[in-house]
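Structural characterization, general
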Amino acid sequence: MQHVVEFGLQVLQRDLATNEVCSVRCQFCNYIGKEDTIGEKRKRGQIKTKKDWKPPFRTSNYRLHHEGQHSGTWATYQKLDYEAKKMFFDNKCKHKDTIDGHFGLSKKKHVIHYIDASIVDKIIGDMFFHPDTQDGISHTTAMKLFKPDDAGNMYTVTIKNLMQFRLIVCWLSRGVSFRQAADMLMDAKQVTENAELGSINDTGVSNYARVVCAINLGKLSAILNHDSAWAFSLANDLSTHQGKSYLDNHIHFHRDGVIYNIHVLAIPMYDRHTGENMFKLVSDVFDVVCPTWRTKLISMGSDSAASMVGEYQGIVTRVEQQVSHQLNFLIIGSSSALSYLVWPSST
Ligand SMILES: [Zn+2]
């Protein structure tokens, strides 16, 4: 059949007697999957069907399907010569075997995220900046990323180059610096010859870091505020990076049968490292992320670093005064690690 290569088809069945083609399948469905169109909401558990055709075979039907479902890849494919078309699907991983196929990550080029206004205003806008620089240019630039909606209780962030954003976020999560991430994108673009990766400078990378932080806090907030999340625990630690102090926050929570241990935030500390100040940072964050934290927090912990032991007791004592249930205070100690756990009383 002459259109097999031209339209990226695969012969599924032939008549045993006549060797005539009885059905063909769309290879783009097989290997690439459906492309999302901008603005279209991805449905959960979207049905993953592959398009097959039976006689009478009509080229107009293939074209209609390809243009509707695989517009981007189809446009690229049409420009290839016959030999390149024949090889196009070689060595490609089947769509159902890819992460996108399983988790429905979107292929669309731009994505809009909606973020609670209090997360952006209080955490991203206030806590991440030294009080003296709140009116500075970097503050203004950072806040420009977030566009308020009409009602004023949400912000939107538009990620214009999704592939670039996802790569940068992957690299940041592995601990590279903003400048390194910007350089690595340039390398990736050169090596892969993929112009779609675009370009970025270190300010752009730091903006991505702010955005992903806001998005993640929004997601964490949704998880913690859900009725099924009845309890969580916190672990805090002081850390220093390039002469600046941070209060590191980890959280444990349970969801869908799994106990997660995730890093929430490294909150910059501009005040003295007293228990009072550390408590204020933790409670400021959780007042925004989960306003009912006082009824849900069941334990707090830290390591035995000298800086934490004395002061941390101060935080735990303050939290104890604030949480709604009666608490038992338990200290677990070893030579190398000491943690304070606060459990709700069984009485
Ligand atoms: Zn298809």
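Heads up: the structure comes first, above all this text.
The paragraphs below set out a description of the structure included in this document. Source: prediction; values computed, not measured.

**Here we look at the packing of helix 9 (residues 162-173) against helix 10 (residues 178-192)**
- Two elements in contact, helix 9 and helix 10, have axes whose closest approach is 10 Å; the angle formed by their N-to-C orientations is 130°. As far as their axial angle goes, helix 10 and helix 9 are oblique. Between helix 9 and helix 10 lies a crossing of right-handed hand. Of the residues in helix 10, those in contact with Gln164, Leu167, Ile168, Trp171 and Leu172 of helix 9 are Ala181, Met184, Leu185 and Ala188.
- Across the contact of helix 9 with helix 10, the residue classes tally to eight nonpolar, one polar and no charged.

**Looking at the sheet that holds strand 10 (residues 297-301)**
- Read across the sheet, four strands follow the order 9-8-7-10 without closing on themselves; strand pairing throughout is mixed. Looking at strand neighbours, the two that pair on one side only are strand 9 (258-269) and strand 10, the edges of this open sheet. Neighbouring strand axes in the sheet, compared pairwise and without regard to direction, differ in orientation by 25° on average.
- Contacts from helix 12 (residues 275-289) reach strand 7 (232-241), strand 8 (244-255) and strand 9 within the one sheet, and its direction differs from that of strand 9 by about 120°.

**Notes on the nonpolar core**
- Ranked by internal contacts, the top residues of the largest apolar core, which has 41 residues, are Ile119, Val120, Val205, Ala214, Val282, Val285 and Val289.
- At eight residues, the largest contribution of residues to this core is made by helix 12.
- Within the second largest apolar cluster, 11 residues are counted, among which are Phe7, Phe28, Tyr31 and Trp74.

**A short note on the sheet that holds strand 1 (residues 9-14)**
- The strand order across the open sheet built from three strands is 1-2-3, with neighbouring strands paired in antiparallel fashion. Of all strands in the sheet, those with a lone pairing partner are strand 1 and strand 3 (52-53), marking the two edges.
- Bridge analysis of strand 2 (residues 21-26) against strand 3 gives two bridges, and the strand direction is antiparallel. Residue pairing in the sheet places Arg25 in a bridge with Asp52 of strand 3.

**Details of unusual backbone geometry**
- For the peptide bond that leads from Pro55 to Pro56, omega is 0°, which places it in the cis range.
- Turning to its location among the elements, Pro56 is positioned in the loop between strand 3 and helix 3 (59-69).
- Even without being glycine, Asn19 reaches a positive phi, approximately 65°.
- Tracing the chain through its elements places Asn19 in the loop between strand 1 and strand 2.
- The backbone of Glu193 sits at a positive phi, close to 55°, despite the residue not being glycine.
- Structurally, Glu193 is set in the loop between helix 10 and helix 11 (202-225).

**Quick look at the pairing of strand 8**
- For strand 7 and strand 8, the ladder comprises 10 bridges, and the chain directions are antiparallel. The partner of Leu238 across the bridge, within strand 8, is Leu247.
- What sits between the antiparallel neighbours strand 7 and strand 8 is a turn of two residues, in which Gln242 has the positive phi angle 50°.
- Here strand 8 hands over to strand 9 after two residues, with Asp256 in that stretch at a positive phi of 50°.

**Considerations on helix 7 (residues 117-127)**
- When we look at burial in helix 7, the residues that qualify are Ile119, Val120, Ile123 and Ile124. Down the axis, helix 7 shows its buried residues gathered within 115° of arc, on one side only.

**Brief notes about the environment of Ser239**
- Mapped onto the elements of the fold, Ser239 is located in strand 7.
- Along the chain, Ser239 and Ala266 lie 27 residues apart, while their C-alpha atoms are 8.4 Å from each other.
- Not counting chain neighbours up to four residues away, the residues in contact with Ser239 comprise Tyr246, Asp248 and Ala266.

**Considering helix 10**
- With 15 residues, helix 10 extends 21 Å from end C-alpha to end C-alpha; this agrees with the ideal 21 Å at 1.5 Å per step.
- Buried within helix 10 we find Phe178, Ala181, Ala182 and Leu185. The buried side chains of helix 10 occupy one side of the element, clustering within an arc of 100° when seen end-on. Exposed and facing more than 90 degrees away from the buried side of helix 10 are Arg179, Met186, Asp187, Gln190 and Val191.
- In this fold, the buried residues of helix 10 make contact with helix 9 and helix 11.
- Immediately beyond the C-terminal end of helix 10, within one or two residues, lies Glu193, with a positive phi of roughly 55°.

What counts and what doesn't
Residues numbered from 1 in each chain as written. Predicted model: local features only at pLDDT ≥ 70, side-chain atom pairs only at ≥ 80, totals over all residues. Axes fitted to C-alpha atoms, helices over the stretch in contact; angles between N-to-C directions. Helix = DSSP H or I, 4+ residues; strand = E, 2+ residues; numbered from the N terminus. Parallel < 35°, antiparallel > 145°, perpendicular 65-115°, else oblique. Left-handed = near helix turned anticlockwise from the far one by under 90°. Contact = placed C-beta atoms within 7 Å. Nonpolar A, V, L, I, M, F, W, Y, C, P; charged D, E, K, R; others polar. Pairing = 2+ DSSP bridges. Core = buried A, V, L, I, M, F, W, Y, C linked by C-beta atoms within 7 Å. Buried ≥ 20, exposed ≤ 12 C-beta atoms within 10 Å, placed from the backbone. Arc of directions from axis to C-beta. Expected span 1.5 Å × (residues − 1).

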